[in-house]
Amino acid sequence: MKKLVIATLSGALLAGSLNVYADDVEDAIEYRQGIFQAMKWYFGPMAAMAKGDIEYDQAEFTRRAEMLNQLTYMPEEGFIEGSDKGDTDALPVIWEEMDKFSAGFDKLQETTAALAEASTSGDMGTIMPAFGEVGKTCKGCHDNFRD
């Protein structure tokens, strides 16, 4: 009887831990997708200002650049083991080349920090090269790591 109770409890604990893991994976995917949506939220109007589609507002551009930079430090922790499965556009190569993937986030953090700094000048001649570097960095990651 004691062995049956132990086996039953062990099975229940294992099943419970698998459910927690599944929830954690789904939560991780949802978390990083939310951060990427927030990054898009801040980047989009800056792109529209850079293109002249909407009126340039230096204070707003700088605020968005600073927020974007802060957001770049967040999504990487959502790429946990097992989160290559599920409702995600993340390619499995991320987990195979995690050092390269992490280096991409380092580069993104550098370029968004440079953009935030350049944005304080209010000079589009200074801002545009930094803005272009952020766009290139984003595209590089999307090309290599996103379906």
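Placed above this text is the structure.
Residues numbered from 1 in each chain as written. Predicted model: local features only at pLDDT ≥ 70, side-chain atom pairs only at ≥ 80, totals over all residues. Heavy atoms only, no water.

### Quick look at the overall build of the protein chain
And step 1. A tally of regular secondary structure across the protein chain gives five helices and zero strands.
And step 2. Counting from the amino terminus, helix and strand elements in the protein chain follow one another as α-α-α-α-α.
And step 3. Considering the protein chain as a whole, with its 147 residues, one finds that 29% of them fall into the buried category. (Helix = DSSP H or I, 4+ residues; strand = E, 2+ residues; numbered from the N terminus. Buried < 20%, exposed > 50% of the residue type's maximum accessible area, 1.4 Å probe, protein only.)

### So, the packing of helix α4 (residues 98-119) against helix α5 (residues 124-145)
And step 1. The interhelical angle for the contact between α4 and α5, taken along N-to-C directions, is 160°, at an axis separation of 8 Å. Considering the angle they form, α4 stands roughly antiparallel to α5. Crossing hand, α4 versus α5: left-handed. Contacts between α4 and α5 involve Lys 100, Phe 101, Gly 104, Lys 107, Leu 108, Thr 111, Thr 112, Ala 114, Leu 115, Ala 118 and Ser 119 from the first element and Thr 126, Ile 127, Ala 130, Phe 131, Glu 133, Val 134, Thr 137, Cys 138, Cys 141 and Phe 145 from the second. (Axes fitted to C-alpha atoms, helices over the stretch in contact; angles between N-to-C directions. Parallel < 35°, antiparallel > 145°, perpendicular 65-115°, else oblique. Left-handed = near helix turned anticlockwise from the far one by under 90°. Contact = heavy atoms within 4.5 Å.)

### Overview of the packing of aromatic side chains
And step 1. Evaluation of the coordinates by the stated rule reveals nine aromatic pairs.
And step 2. Residues Phe 43 and Phe 131 carry aromatic rings whose centres are separated by 4.9 Å and whose planes lie at 5° to one another, so their mutual orientation is stacked. Placement of the pair is Phe 43 in helix α1 (residues 2-51) and Phe 131 in helix α5, with a sequence separation of 88 residues.
And step 3. The class of Phe 43 is partly exposed, set by a relative accessible area of 22%.
And step 4. Each ring, one from Phe 79 and one from Phe 105, has its centre 6.4 Å from the other, and the planes form 55°; the classification is tilted. Taken as a pair, Phe 79 in the loop between α2 (58-71) and α3 (93-96) and Phe 105 in helix α4 lie far apart in primary sequence, 26 residues in all.
And step 5. Aromatic ring contacts, followed pair by pair, group Phe 36, Phe 79, Trp 95, Phe 101, Phe 105 and Phe 145 into a single cluster.
And step 6. Here the guanidinium or amino end of Arg 32 rests over the ring plane of Phe 79, the centre of that ring lying 4.2 Å away. (Phe/Tyr/Trp six-rings, centres within 6.5 Å; stacked < 30°, edge-to-face > 60°. Lys NZ or Arg CZ within 6 Å of the ring centre and 35° of its normal.)

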